[in-house]
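For reference, the chains in residue letters:
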Amino acid sequence: MACFLVPAAEAVVTTVVQKSMEKKEVSDDRLAAQAEGNEEIGTGKVRFSEKLGWLNKMLWGGTALLAFEHLWHGEIVPYFPFLTAAAQGDTAGMLHEMATNGVLMAVLVTVVWIGMIAAASILEKKDNRLTAGEKEI
Amino acid sequence: MTLLITILAASAVTIVWYCHPDSKMKLGTLCLMYWGASIMWMADAIMEYASEGAAYFTPAPADMLNDFFLGLSVVTLGLIIWIVILLIKDPRGVVRAALHRKKK
């Protein structure tokens, strides 16, 4: 019905957060690089804003493809009120689906993203240990 | 069927992305887009399985055909979105070079 609106709402929030974080992290890195006298910006680590970008891409991509599926099944239409369920007076059913399927979708995508972040940080730690070992040698 | 086709597309793109780590073709974006959709359809499948039980795995042939057609359309739409992103961001500078050549 309109389950894809829940991940879409999450995508809007995470995109805003990502954009503001990106600005802050870039300026912080620039300041740190200036303080150290380096010309290159960045610590070699993947910035959190970049990791948040992974979640954004999953959420926006999934939302776009699911919206197409809803269009295919006639659940959304290109004219007001856009949602067939709302036009037919089944708002309660629509909200119920959003609260069950939609929330489960958003939660599953977020859980997978948390797993990706955990894996990335483990790999970064391994890399750091290897680099430190090479420096000692 | 739609879920299966999207997962197959996501897996194929992931393999290509892994084999070409230095590629500037923005394969990671396509990969994440397909995986995002796959996870969302997986959530849908979980909910349907919870309500229908084993009947979920035995769809009517007409539904299967419709879902197969939908799956292919979804994969195609994903490719179109990816191509648009690729042309706008132009990581290899191909579009910019072509425009520059035309100006000359």
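Use the structure listed above.
Summary of the structure given here. (Residues numbered from 1 in each chain as written. Chains lettered and ligands numbered in written order. Predicted model: local features only at pLDDT ≥ 70, side-chain atom pairs only at ≥ 80, totals over all residues.)

**Here's the deal with the interface of chain A and chain B**
In step 1: Counting residues at the interface gives 20 residues for chain A and 19 residues for chain B.
In step 2: Every element with two or more residues in the side of chain A that touches chain B is listed here: α2 (48-72) and α4 (91-136) of chain A.
In step 3: No other element matches the 12 residues that α2(A) contributes to the side of chain A that touches chain B. (Contact = placed C-beta atoms within 7 Å. Helix = DSSP H or I, 4+ residues; strand = E, 2+ residues; numbered from the N terminus.)

**Some details on the nonpolar core**
Grouped burial of nonpolar side chains is what soluble globular proteins tend to show.
In step 1: By size, the foremost hydrophobic cluster in this structure holds 37 residues, and its most contacted members are M58(A), V109(A), Y34(B), A37(B) and M40(B).
In step 2: Looking at this core, the elements with two or more residues in it are α1 (5-36), α2 and α4 of chain A together with α1 (2-19), α2 (27-52) and α3 (61-89) of chain B.
In step 3: Apart from the residues lying within four places of it in its own chain, the contact partners of M58(A) are V109(A), W113(A), L32(B), W35(B) and G36(B). (Core = buried A, V, L, I, M, F, W, Y, C linked by C-beta atoms within 7 Å. Buried ≥ 20, exposed ≤ 12 C-beta atoms within 10 Å, placed from the backbone.)

**With respect to the environment of A67(A)**
In step 1: Checked against the element boundaries, A67(A) lands in helix α2.
In step 2: If we ignore the near neighbours within four places in the chain, the residues touching A67(A) are F4(A) and I76(A).

**Details of the environment of L65(B)**
Residues and elements named next belong to chain B.
In step 1: Summarising the element assignment, L65 is placed in helix α3.
In step 2: Looking at L65, the number of C-beta atoms within 10 Å reads 12, which means it is exposed.
In step 3: The spacing of L65 and T2 is 63 residues in sequence and 10.0 Å in space, taken between C-alpha atoms.

**What to know about the packing of α2(A) against α3(B)**
In step 1: Close contact between α2(A) and α3(B) brings their axes to 10 Å; oriented N to C, the two are set at 140°. It follows from the interaxial angle that α2(A) and α3(B) lie oblique. Where α2(A) crosses over α3(B), the two elements pack in a sense that is right-handed. Packed against α2(A), whose contacting residues are A64(A), L65(A), F68(A), E69(A) and W72(A), the element α3(B) presents L70(B), V74(B), L77(B), G78(B) and I81(B) at the interface. (Axes fitted to C-alpha atoms, helices over the stretch in contact; angles between N-to-C directions. Parallel < 35°, antiparallel > 145°, perpendicular 65-115°, else oblique. Left-handed = near helix turned anticlockwise from the far one by under 90°.)

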